[in-house]
Amino acid sequence: MAIVSVFPGTASEHHPMRFNRKQSVLAIAALAAVLMTAAGAYLAYFGGWPASELRDAAKNAYAKETDAKTDANRTGGAGGSPAADSVDLTDSQLASVKVEPVGEYEFPIEKEAVGSIDFNQEMSVQVFTPYQGRIVGLFATVGDEVKKGQTLFTIDSPDLLQAESTLIAAAGVLEFTTRNLARLKALYATKAVSQKDMEQAVSDQQTAEGNVRAGRDSVRLFGKSDAEINDIIAKRLADPILVVPSPIAGRITARNAAPGLFVQPGNPPAPFSVADISTMWMLANVAETDSPAFKVGQQVKVRVTAFPGHEFEGRISTISSSVDPSTRRVWVRSEIADPQHELRAGMFATFVIRTGDPVRATAVPLDGVVREGDGTMTVWVTADRRRFTRRIVKIGLQRNGYRQVLEGLQPGELVATEGALFLSNALATATASR
């Protein structure tokens, strides 16, 4: 009895030993159906198998053949990649996808944290009046750049007026005692006065000199120069206006002064606040788990949203010795150089610090990676630039528009670097229409 091939025109006519998976599955399913049908007929003829059971056997054979065809259609491509995760694009659709070979990219080992910019409080001062009085003049406002010693405001100070009046009185007494001593010296030379009167005049003159020196020192505490003090003594005219200068060079960051306002030493709020803005602070809270990577003195790079693409250099100056019990974060302060005075207190900022040597790894552009609904990350791989297959990958670091791929891809493979989301939508549409 000769066995005739039931698959005319297939590759088996020319290459009997070369069956692909799909053809093998179909051949086995069809052969099983034929053998079961023949066996059923034989049993029905010789064994009296009921016709109903014969029909059931035929149905089961047909169902198995259909399932085999379905499984074969669900499998395609080398290596048995599921056809359900593949998309074939037309020529017009290919214009929406960019294909490039997978390459390698250098990823620095860095830590990031967010925070805010603040003034360098070690270079910021609150300017109070040294003595009480009423403000009579203002010479600066918020945002002004001032130099050290530049006048900020003046007050009408009764304490200064009292000190100057005392100095004027002491100077008058000194002048009198000096003249009296000179007269008594002349009289003493002619024995016209006693030695006791002469010694008393010398004592009075020395006391007056001491009072003048004390008066000058008292007035000097109010900021008056020696030339101004000499002018007060010469003119016998007290000047109650007290000048309050800036103790440092910097920018006026706050002003709470107004003409006529009565101010006292150390009574908040301070009339003026001045900060040296050549350096600023960045205050950030880092995760407790990341805190061991930070050390005082480490160089940092700071970015602010107001200046995209621009980095400010700095270093870590202080790390908190305690962890916030509610947020489990550690407070880190960095000192940032700002020679152009671009930063402003309160700006939102991000700082990056390198904690290790960079690594070179397989990477794809961000547009080539798709986050699926279940949270997995996928890329679209192709061999012929027309049929794309979705593949799950494990990603790592991100840098300058690239994603590190830890597992699932090898350098040189062709992937969709643009249009990956388009491919995912195309697959979802095709699946929904089946």
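Rules used throughout
Residues numbered from 1 in each chain as written. Predicted model: local features only at pLDDT ≥ 70, side-chain atom pairs only at ≥ 80, totals over all residues. Heavy atoms only, no water. Helix = DSSP H or I, 4+ residues; strand = E, 2+ residues; numbered from the N terminus. Buried < 20%, exposed > 50% of the residue type's maximum accessible area, 1.4 Å probe, protein only. Contact = heavy atoms within 4.5 Å. Areas by Shrake-Rupley, 256 points an atom, 1.4 Å probe, with all protein chains shown as cover. Core = buried A, V, L, I, M, F, W, Y, C linked by side-chain atoms within 4.5 Å. Pairing = 2+ DSSP bridges. Salt bridge = Lys/Arg side-chain N within 4 Å of Asp/Glu carboxyl O.

Here we look at the overall build of the chain
Along its length, the chain carries seven helices and 21 strands. For the chain, with 434 residues in total, the buried portion stands at 32%. Summarising the internal contacts of the chain: among those between residues at least 6 apart in sequence, 73% fall at separations of at least 24. For the chain, the exposed surface amounts to about 25,500 Å²; the carbon and sulfur share of it is 55%.

A short note on the nonpolar core
Soluble, globular proteins show a tendency: their nonpolar side chains are buried together. In terms of nonpolar packing, the biggest core is built from 27 residues, with Val127, Leu152, Phe153, Ile252, Phe272 and Val274 touching the most fellow members. Of all elements in the fold, only β7 (151-156), α4 (158-189), α5 (195-220), α6 (226-235), β8 (241-245) and β11 (272-275) reach the threshold of two or more residues within this core. The contacts of isoleucine 252, once residues within four sequence positions are left out, are Ala140, Thr141, Val142, Gly143, Asp144, Val146, Leu152, Phe272, Ser273 and Val274. Residues Met280, Val300, Val302 and Ile316 belong to the second largest nonpolar core, which totals 22 residues.

Focus on the sheet that holds strand β4 (residues 124-127)
Taken in spatial order, the four strands make up an open sheet running β4-β11-β9-β6, and their pairing is antiparallel. Looking along the sheet, the strands with just one partner apiece sit at the ends: β4 and β6 (145-146). Where β4 meets β11, four bridges bridge the pair, whose relative direction is antiparallel. Bridge pairing in β11 links valine 125 to valine 274.

Focus on unusual backbone geometry
The amide bond that connects proline 268 to the next residue, proline 269, takes the cis arrangement and shows omega of 0°. Counting through the fold element by element, proline 269 comes out in the loop between β10 (262-263) and β11. Of note in the backbone geometry, arginine 385 takes a positive phi value of approximately 65° without being a glycine. For arginine 385, the location among the structural elements is in the loop between β18 (377-382) and β19 (387-399). Relative accessible area serves as the criterion here: at 42%, arginine 385 is assigned to the partly exposed category.

A short note on the pattern of salt bridges
One pass over the full model with this rule turns up 20 salt bridges. A salt bridge links glutamate 104 to arginine 360, with the shortest nitrogen-to-oxygen separation between them at 3.6 Å. Here the residue glutamate 104 occupies a position in strand β3 (residues 103-119), and arginine 360 occupies one in strand β16 (residues 348-365), the gap between them amounting to 256 residues. A residue is classified by how much of its surface remains accessible, and glutamate 104, at 44% relative accessible area, is partly exposed.

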